[in-house]
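Here are the chains, one letter per residue:
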Amino acid sequence: MLVAAWCYAGVMRYSDGGGLTAAERARREQVRLAAAGQIEAGASDREVAKRFRVTRMSANRWRRALAGGGRAALMSKGPGGGSCRRQIDAEYAPVTH
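Residues numbered from 1 in each chain as written. Predicted model: local features only at pLDDT ≥ 70, side-chain atom pairs only at ≥ 80, totals over all residues. Heavy atoms only, no water.

Asks: Explain the nonpolar core here, please?
Replies: The nonpolar side chains of a soluble globular protein tend to be buried with one another. L33, A35, A36, I39, A43, V48, A49, F52, A59, W62, L66 and L74 form the largest nonpolar core, which has 12 residues in total. Every element with two or more residues in this core is listed here: α1 (22-40), α2 (45-52) and α3 (56-69). When residues of this core are assigned to their parent elements, the largest contribution, 4 residues, is made by α1. Setting aside its immediate chain neighbours within four residues, V48 contacts A35, Q38, I39, A43, A59 and W62. (Core = buried A, V, L, I, M, F, W, Y, C linked by side-chain atoms within 4.5 Å. Buried < 20%, exposed > 50% of the residue type's maximum accessible area, 1.4 Å probe, protein only. Helix = DSSP H or I, 4+ residues; strand = E, 2+ residues; numbered from the N terminus. Contact = heavy atoms within 4.5 Å.)

And the structure:
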């Protein structure tokens with residue numbers, strides 16, 4: 001499989017229709033929750049990172065989220081990306097000549 005420069009692990013990352021599916025978000029959420037169990041058991045960021053094959057920065061981010069908001073803070077927030085901010089009404093309608 002040829003992976004283009006704008007892809008990461010075969011998944012498009014930008015707003016052009018790519019991103020994670022609901023199943024992929026759920027899988028990542030399960031990883032974060034499993035990591036929370038390790039963190040609560042006293043594992044270091046380095047141990048969590050090695051066990052779940054993530055960076056220590058991600059492990060530390062999960063640790064801080066867990067400390068600040070509990071397991072709910074590690075739950076998926078849904079699909080990324082912003083909502084459309086363009087206002088559609090007569091004021092912005094195309095001008096006809």
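Asks: How do you make sense of α2 when you look at a structure like this?
Replies: An α-helix turns once every 3.6 residues. As a result, residues three or four positions apart point the same way. Taken together, the buried positions of α2 are occupied by D45, V48, A49 and F52. The buried residues of α2 occupy one face: seen down the axis, they fall within an arc of 100 degrees. Exposed side chains of α2 directed beyond 90 degrees from the buried face belong to R46, K50 and R51. Those residues of α2 hidden inside the fold are in contact with α1 and α3. Trailing α2 by a residue or two, R53 shows a phi angle of about 55 degrees, which is positive. (Arc of directions from axis to C-beta.)

Asks: Looking at this structure, I do not really get the pattern of salt bridges. What am I missing?
Replies: When the charged atoms of two side chains lie near each other, side chains of opposite charge can form a pair. Applying the stated criterion across every chain, the model contains 2 salt bridges. E40 is the salt-bridge partner of R71, the closest N and O atoms lying 2.9 Å from each other. In this pair, R71 sits in the segment after α3 while E40 sits in helix α1, placing the two residues 31 residues apart along the sequence. Between D45 and R63 there is a salt bridge, with the nearest N and O atoms lying 2.6 Å from each other. Of this pair, D45 sits in helix α2 while R63 sits in helix α3, and the two are 18 residues apart along the sequence. On the basis of relative accessible area, R63 is assigned to the partly exposed category, the value being 25%. (Salt bridge = Lys/Arg side-chain N within 4 Å of Asp/Glu carboxyl O.)

Nothing here speaks to function; it is geometry throughout.
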